[in-house]
Structures are given as C-alpha cells and as structure tokens.
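Below, each chain spelled out in residue letters.
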Amino acid sequence: MKSNTEKFGKAPHQPSLWTRADALKVHADDPTTTQPLVSADFPVLSNEVFIWDTMPLRDLDGNITSVDGWSVIFTLTADRHPNDPQYIDENGNYDITRDWNDRHGRAKMYYWFSRTGKDWKLGGRVMAEGVSPTAREWAGTPILLNEQGEVDLYYTAVTPGATIVKVRGRVVTTEHGVSMVGFEKVKPLFEADGKMYQTEAQNPFWGFRDPWPFRDPNDGKLYMLFEGNVAGERGSHKVGEAEIGDVPPGYEDVGNSRFQTACVGIAVARDEDGDDWEMLPPLLTAVGVNDQTERPHFVFQDGKYYLFTISHTFTYADGVTGPDGVYGFVADSLFGPYVPLNGSGLVLGNPSSQPFQTYSHCVMPNGLVTSFIDSVPTDESGTQIRIGGTEAPTVEIKIKGQQTFVVAEYDYGYIPPMLDVTLK
Ligand code: FRU
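Residues numbered from 1 in each chain as written. Predicted model: local features only at pLDDT ≥ 70, side-chain atom pairs only at ≥ 80, totals over all residues. Heavy atoms only, no water.

### What about the overall build of the chain?
A tally of regular secondary structure across the chain gives four helices and 25 strands. On C-alpha atoms alone, the chain measures out to a radius of gyration of 21 Å, which is about the 22 Å that the 2.2 N^0.38 rule sets for 424 residues. Projecting the C-alpha coordinates of the chain onto the three principal axes gives extents of approximately 60 × 60 × 40 Å. When contacts within the chain are restricted to residue pairs at least 6 apart in sequence, long-range pairs at least 24 apart make up 63% of them. With an accessible surface of roughly 17500 Å², the chain has 50% of that area assigned to carbon and sulfur atoms. Each charge class in the chain was averaged separately, 35 positive and 58 negative side chains, and the resulting centres sit 5 Å apart. (Helix = DSSP H or I, 4+ residues; strand = E, 2+ residues; numbered from the N terminus. Rg over C-alpha atoms; globule rule 2.2 N^0.38 Å. Contact = heavy atoms within 4.5 Å. Areas by Shrake-Rupley, 256 points an atom, 1.4 Å probe, with all protein chains shown as cover. Lys, Arg positive; Asp, Glu negative; His and termini not counted. Charge placed at Lys NZ, Arg CZ, Asp CG, Glu CD.)

### Things to note about the state of the cysteines
According to the stated counting rule, one finds zero disulfides in the structure shown. The thiol of Cys263 is unpaired, and the distance to the nearest cysteine sulfur, on Cys362, comes to 20 Å. The exposure class assigned to Cys362 is buried, which follows from its relative accessible area of 10%. (Disulfide = S-S within 2.5 Å. Buried < 20%, exposed > 50% of the residue type's maximum accessible area, 1.4 Å probe, protein only.)

### Comments concerning the environment of Ile96
Tracing the backbone shows Ile96 in helix 3 (residues 96-101). Owing to a relative accessible area of 24%, Ile96 belongs among the partly exposed residues under this scheme. A C-alpha to C-alpha distance of 48 Å links Ile96 and Pro12, two positions 84 residues apart in sequence.

### As for the sheet that holds strand 10 (residues 178-190)
Taking strand neighbours across the sheet as the criterion, the four strands line up as 7-8-9-10 in an open arrangement whose pairing is antiparallel. Every interior strand has two partners, whereas the edge strands, strand 7 (136-144) and strand 10, have only one. Going across the sheet, the axis of each strand differs from the next one's by a mean of 25 degrees, ignoring polarity. Sheet analysis places strand 9 (residues 162-173) next to strand 10, joined by nine bridges and oriented antiparallel. Residue pairing for strand 10: Gly169 is matched across the bridge by Gly182. (Pairing = 2+ DSSP bridges. Axes fitted to C-alpha atoms, helices over the stretch in contact; angles between N-to-C directions.)

### What about the site of the ligand?
The immediate surroundings of the ligand are formed by Trp52, Asp53, Leu76, His104, Trp138, Ala139, Arg209, Asp210, Glu227, Glu294, Tyr359 and Ser360. One of the backbone nitrogen or oxygen atoms of Ala139 is found 3.1 Å away from an oxygen atom of the ligand. The contact in question runs from an oxygen atom of the ligand to an N or O atom on the side chain of Glu294, over 2.7 Å. Isolated, the ligand exposes 320 Å² of accessible area, and the fraction of that covered by the protein chains is 95%. (Near = heavy atom within 4 Å. Polar contact = N/O pair within 3.5 Å; in protein donor to acceptor, adjacent residues only side chain to side chain.)

### Describing the nonpolar core
Among the nonpolar cores identified, the biggest contains 75 residues, and Phe190 and Phe208 are the most heavily contacted of them. Setting aside chain neighbours within four positions, we find Phe190 in contact with Thr163, Ile164, Phe208, Met224, Phe226, Ala267, Trp277 and Met279. Trp18, Ile266, Val268 and Phe329 belong to the second largest nonpolar core, which has 28 residues in total. (Core = buried A, V, L, I, M, F, W, Y, C linked by side-chain atoms within 4.5 Å.)

### Some thoughts on the pattern of salt bridges
Applying the stated criterion to the full structure yields 15 salt bridges. The salt bridge partner of Arg106 is Asp99, with a shortest N-O separation of 2.7 Å. As far as burial versus exposure is concerned, Arg106 and Asp99 are alike and both buried. With a shortest N-O distance of 3.0 Å, Asp152 and Lys166 are connected by a salt bridge. Within this pair, whereas Asp152 is found in strand 8 (residues 150-158), its partner Lys166 is found in strand 9, the two being separated by 14 residues in sequence. Classification of Asp152 as buried rests on a relative accessible area of 1%. By relative accessible area, Lys166 is classed as buried at 4%. Beyond isolated ion pairs, a larger network of salt bridges with shared partners links Asp152, Lys166, Arg168 and Asp275. (Salt bridge = Lys/Arg side-chain N within 4 Å of Asp/Glu carboxyl O.)

### Things to note about empty space enclosed by the protein
The tally for this structure, following the rule as stated, stands at two cavities of 30 Å³ or more. Within this model, the largest cavity holds a volume of roughly 180 Å³. As for the largest cavity, its lining consists of 20 residues, of which Arg58, Trp212, Arg295, His297 and Cys362 are closest to the centre. Elements supplying a minimum of two residues to the lining of the largest cavity: strand 2 (49-56), strand 7, strand 11 (209-215), strand 15 (294-301) and strand 20 (358-363). When residues of the lining of the largest cavity are assigned to their parent elements, the largest contribution, four residues, is made by strand 15. Per-class residue counts for the lining of the largest cavity are twelve nonpolar, five polar and three charged. Roughly 30 Å³ of volume is contained in the second largest cavity. Those elements that provide at least two residues to the lining of the second largest cavity are strand 3 (65-67) and strand 4 (71-79). Across the lining of the second largest cavity, the residue classes break down as five nonpolar, three polar and no charged. (1 Å grid on protein atoms, 1.4 Å probe; cavity = no way out; pocket = protein on both sides within 12 Å on 5 of 7 lines; lining within 4 Å. Points joined across faces, edges and corners; volume = space filled by probe spheres on them. Nonpolar A, V, L, I, M, F, W, Y, C, P; charged D, E, K, R; others polar.)

### A short note on the layout of surface pockets
Roughly 900 Å³ of volume is contained in the largest pocket. Listed by contribution, the elements that provide at least two residues to the lining of the largest pocket are strand 2, helix 3, strand 7, strand 11, strand 12 (222-229), strand 15, strand 20 and strand 21 (368-377). Class assignment of the residues belonging to the lining of the largest pocket gives a composition of 17 nonpolar, eleven polar and twelve charged. The calculated volume of the second largest pocket comes to roughly 180 Å³. The wall of the second largest pocket is formed by 13 residues, among which Leu60, Ile143, Leu145, Arg215 and Glu272 lie closest to the centre. Partitioning the lining of the second largest pocket into residue classes produces six nonpolar, no polar and seven charged.

Encoded structure:
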C-alpha cells in the first residue's frame, strides 16, 4: 500500500505548536483549572501493590465500557516492599518513598473490576511473567472489540528500547467477578523512526510511548495517538519565532529550552484490525516549551477534537513553568490546527501547596477526570509526605468551546461506565 506521503505528495498536515507565549499564560492555582486539595488521610486500594496510570476499558469510539455489569480498569502496578531489606533505611524503617520512586523499572499491567465503578477488586496480572518481551510494561489502552469479549491491549514495551505493541485476549465474567484470559502473544507495532520521532540513539532521554487508538468520528478510520519527542540529535533543535510565539518585550531569550522537544504523535492503521500502522507527522509539538506530553487522548465533543495530554513542572523548558497535571488543545478537524484550551493549555493542575498530589489524568468523554495520588504533604512545611500509589478522587470538568471549568468532585477512583456490553 502507498504511504500517505506518496498518496498526497507531501505530509498531510503541519504540526500545531504549543508556544512559549501560550505557556506564559499558564497560572497555577486558578480555581477553574486546579484540582481540589487531596486530603492526606486518603484510603489505599491495596497494601500489597502501588498503582499509578489508570486505563479504563473502553471501545474504539472512546466510550468507557462495562461488561455484563462489571466495570474494568487496567493499571500500571508494582509490588510494595515493606519488608525487603533493600528498602529498609538506617533506622530500620520502610523507605516507601524510594520504593515508590523505583516503581517504573518493574511496572506491570494489572486489572481490577467493580460493580459500582469504584471500590475496585484486584483481578491480577494481565500477562503471565515472560509474555511481555521487555522488563517494563508501560501505559497504553485496553479496547473492548466486540460482544465476544475480545480485548486488544495496546501498551508500551520498554527496556530495552521502547516499542508500541499490542496483545489480544478476552474478558470473561461470572456472577462473582471478571478474569482476563489469553494475552499470550505480544505483537510489536512500531518504534520511533528518527525522522519524525526522536530515537534513543538521538537522545537517551527520549520518550516514545502511551498508545491511545481510536476511530475518527468523521472519516471512520483507525488512528492512534502516542507520546514522542521531535526527531533530531539532542540539542540540535531550534527554538525560533514560531516556537516562541507572540511574547512581550523582555521574553525573547529562550535559554537552554532547545532541550525540551515533546510532541503528540499520530499513526494511521493500514488495515481494519490495527496490526499494520504508519506513523504520520506529530499533531502537536512543544519544542522550547516542554519535554513530555504523556498519555495523549481525545474527547470528541460538539463536533470538535479535544486533545488532552499530561505533563510535569520538571519537564518545562527554561523560562516557562506550570503545574503537574493535564493540558488540552482543541481543533475543528483531526489534523488541526489545535489551539490551547483556556489560552494556556492548562486544564487541571495540582495546587501549588501540594504540587505532587496527583498525576496521570485521563479525561473521559463524560467530563470525569481520573488520576492517581502520588504524594500529599502531612505537615505545614511540606517536608513530611504520604506516598499514594492509589486512585485519586475523580474530578468533573465542563468543556465549553475553548474553555474548561472544574465543576465537581467525586469518590476516589470513581470511573462509571458510559455503556454496558452484554457478552455473548
Ligand atoms: C505517566 C507515565 C507514562 C509511562 C508510565 C511509566 O505517569 O510516565 O508516560 O507510560 O508513566 O511508568
């Protein structure tokens, strides 16, 4: 089959830019774009495991789906080690902070189920040990394919390298719970190409991960969003007029911001099943602004494309900053142009008094936003913290044109289904 470039003679679109001028409009603690304070006495889902990125089961149109009345979520998960000598400090206490910070290296996909859309019960690991080709099973998306309960789990196989992969299995329900069966053969889909998306050889701190497949409501084709960095050797990127945007006098200096090169990538499937993919140029780039635009995802509303992505304070470039949280952009068509929501892009950030309280927000089509608790201060000075590794309270936002507003807060980990599928 012809590539898009061959078909159209040129790239089908120009990436939209999140500029330094846009980012200068980011303001922490605006109540309409700030997550309510998470109390330090939060409940934990499990004393055996930490969980972080949460991936609700959904269909290709984005609807959060329950099966036979059971809600299902997948989570990145790692064992807690309260008795492991490796995590006992010199005073004989469990160093939970170090255990938590090490979790990425042993991340595995687990699933949970619930009758109520909260109070999740642990189902177990999705893939048996040894099925996934790499040490780390990083974020992605579980897709319910049909009434037979077939599920395609797209995820990122990391270390060595970073490959977007998928594995097919099936969800099975009984009156008592849910199990995942199959998930035995992992199929590699694609890796960064070094031409559009930065490779490990070009930058050891590259990002290439977090697949989010979807059916475009307008052309009906199968696409996938993912996180990337703009191709090129580390340090070689130019932060020019376009990347700077319309800044006031005195804000022209870009410092070392050429090292921050995040982008939201997109690929199109060449087949119906999503086994054969072609990467396209990024939808959005943040060169000179931020180094990570993680877990990109869409909400399709009012005929518009609302593109959301999570990012951190520590990944912002010189001279710009913003809270950890979820950022958003809107366009009238899939390939843009995208403009930042709320002028700046910030949709839901952590309050500055609790800068690490939550992360990895996922905006669902019903306006509910799920995230996990990272750490919450337990004293005034913020030096004592309580580590989370569990679900945060769900927040509701209202999306209106190019603006968003925080309007409500619900229970911890509340992820209600939008539709239920009865399995055959
Ligand atoms: C977001 C994230 C994802 C990645 C995973 C690794 O919290 O950084 O981008 O897949 O966590 O643990």
